[in-house]
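Structural description and commentary
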Amino acid sequence: MVLDRLSFSPSDSGTRRLSRLGTFLSGSLIMCFAACAAAASDPTLIVGPNACAECHKQETEAWKTTHHFKTFRDLPRSDEAKKIAERMGIRRIKSESLCVNCHYTVQQKDDSKEPIAGISCESCHSAGKDWIKVHSGYSGKTAKTESKAEEAARWKLADSKGMIRIRAIYQLAKNCYGCHVVPQEELVNKGGHLAGSAFDLVSWSQGEVRHNTWYSKGKENAAANPTRKRMLYLVGLGVELETSLRAVAKATVRKPYAFFMAQRVDRVRKQLAAAAKAAPNVPEIAKLVEYAHAASLKLNNERQLTAAADGVSKLLTGLTDKYDGSTMASLDALIPGPEKYVGPVRQPSATN
């Protein structure tokens, strides 16, 4: 069964069936503000958001206004979430890895793993036990007395211990898309969970989850500058392609999950084609388009689809090393503007 033909030919009845099914699912299922966690962090290495809040007060206050924070309380109370859990045979939402891996921060406590927060700091920046003291230690000095060389060495050490900093756009995007594109076929086909959010890296990162207050000492929560937005946009498209290709590769049955993931690949193919046309000076975008069409969107094609996704991953890693967005101004017309940002941005009220 070739998903390409069923999903994307305008004259094909499969497209009409998919459209009707999409309307039904979108209207009847819970709106999923999923976690930024491509894979569950090791609970033994989780320090929890309170450890980060000791220094990052404004960032923490911004987090508390988000759906990421509120899922800890709200998800178990959701009637639709309860219905999904019942279909999946889940008795306690906060105790099943199927739910907690994306919706909670889980910490090891004695002999048990306990959800301690919703989607929090370590969901995006990785479990912090090995790097939290390194990144904030100023090489044993102070911010004023630490040399540039010592600072660089400190950040390099924090990176090596697993910290994902804001400059690591590819790794951050992988975490976001790892849950905003639902990584579990049965959860969609059997449980009735949405297959994913209408997610893009610019409009979601610049909305309610924005917490860009550290370098202004809490005086402002500034949007990303134009060069960073370009990189967020391009890398976001690339990671959406990679993640969706892997999802199609893992699909096993001709049911909603496979259709929605194939549809997602098709949509990002078109977006990347537009980006390649707008920025011919960045040949890597055209190469992403090639990878997007390198494998047929069909069941039982895992090897080719995974190879295409692996190619995208390797290309994105090199792209983020090579470019900073300064030569990509021609992408600006494609990038979502402030009117598209998801959720209200918190304005800071005090200094860190």
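Residues numbered from 1 in each chain as written. Predicted model: local features only at pLDDT ≥ 70, side-chain atom pairs only at ≥ 80, totals over all residues. Heavy atoms only, no water.

Notes on the overall build of the chain
Rules: A run of H or I in DSSP becomes a helix once it reaches four residues, and a run of E becomes a strand once it reaches two; helices and strands are each numbered from the N terminus. Each residue is assigned to one of three classes by its accessible area relative to the maximum for its type, calculated with a 1.4 Å probe on protein chains only: buried under 20%, partly exposed between the two thresholds, exposed over 50%. Pairs of residues are marked as contacts when any of their non-hydrogen atoms sit within 4.5 Å. The accessible surface values rely on the Shrake-Rupley method and a 1.4 Å probe; as for residues, cover is taken only from the protein chains in view.
The helix and strand tally for the chain stands at 17 helices and 2 strands. Across the 352 residues of the chain, 49% fall into the buried class. A separation threshold of at least 6 residues defines the contact pool for the chain, and within that pool the share at least 24 residues apart is 73%. Surface exposure of the chain reaches about 17,600 Å², of which carbon and sulfur atoms provide 53%.

Some words on the environment of Glu114
Relative to the helices and strands, Glu114 resides in strand β2 (residues 112-117). The spatial distance from the C-alpha of Glu114 to the C-alpha of Val100 is 9.6 Å, given a sequence separation of 14 residues. When residues no more than four places from it in sequence are discounted, the contact partners of Glu114 are Thr105, Val106, Gln107 and Lys109.

What to know about the packing of helix α15 (residues 256-278) against helix α16 (residues 283-292)
Spelled out, the test is: Between N-to-C directions, angles cover 0 to 180 degrees, with each direction set by a line fitted to C-alpha atoms, over the stretch in contact for helices. Oblique is the label for every angle not falling under 35 degrees (roughly parallel), over 145 degrees (roughly antiparallel), or within 65 to 115 degrees (roughly perpendicular). Should the near helix be turned counterclockwise from the far one by less than a right angle, the crossing is left-handed, whereas a clockwise turn marks it as right-handed. Each residue gets one of three labels, nonpolar for Ala, Val, Leu, Ile, Met, Phe, Trp, Tyr, Cys and Pro, charged for Asp, Glu, Lys and Arg, and polar for the others, Gly among them.
For the pair α15 and α16, interaxial distance at closest approach is 9 Å and the crossing angle is 155 degrees. Between α15 and α16, the crossing angle belongs to the class labelled roughly antiparallel. Taken as a pair, α15 and α16 cross one another with a handedness that is left-handed. From α15, Val265, Arg269, Leu272, Ala273, Ala275 and Ala276 reach across to α16, where they touch Ile285, Ala286, Leu288, Val289 and Ala292. Residues of the contact of α15 with α16, tallied by class, amount to 10 nonpolar, no polar and 1 charged.

Focus: the pairing of β2
Remember that side chains alternate between the two faces of the sheet whenever the strand is regular. The criterion, for reference: Note on pairing: two strands pair once DSSP finds at least 2 bridges between them.
Where strand β1 (residues 105-109) meets β2, 5 bridges bridge the pair, whose relative direction is antiparallel. Looking across to β2, one finds that Gln107 is bridged to Glu114. A loop of 2 residues connects β1 with β2, the two strands running antiparallel in sequence, and Asp110 in this loop sits at a positive phi of about 55 degrees.

Here's the deal with the pattern of salt bridges
For the record, the criterion: Take a side-chain nitrogen of Lys or Arg and a carboxyl oxygen of Asp or Glu: if they are within 4 Å of each other, that pair is a salt bridge.
Applying the stated criterion across every chain, the model contains 18 salt bridges. When salt bridges with common partners are traced through the structure, they connect Lys174, Glu242, Arg246 and Asp310 into a single cluster.

Overview of the state of the cysteines
Inclusion rule: A pair of sulfur atoms, both from cysteines and within 2.5 Å, is called a disulfide here.
The final tally for this structure, using the stated rule, is 1 disulfide. At a sulfur-sulfur separation of 1.8 Å, the disulfide partner of Cys102 is Cys179. An S-S torsion of about -85 degrees defines the bridge between Cys102 and Cys179 as left-handed. Of this pair, Cys102 sits in helix α7 (residues 97-103) while Cys179 sits in helix α11 (residues 169-180), placing them 77 residues apart in sequence. Considering cysteine sulfurs only, Cys121 is the nearest to Cys52, which forms no disulfide, with 3.8 Å between them. For Cys52, a relative accessible area of 13% corresponds to the buried category. Of all cysteine sulfurs, the one in Cys52 lies closest to Cys55, which takes part in no disulfide; the gap is 9.1 Å.

These figures come from the coordinates and say nothing about function on their own.
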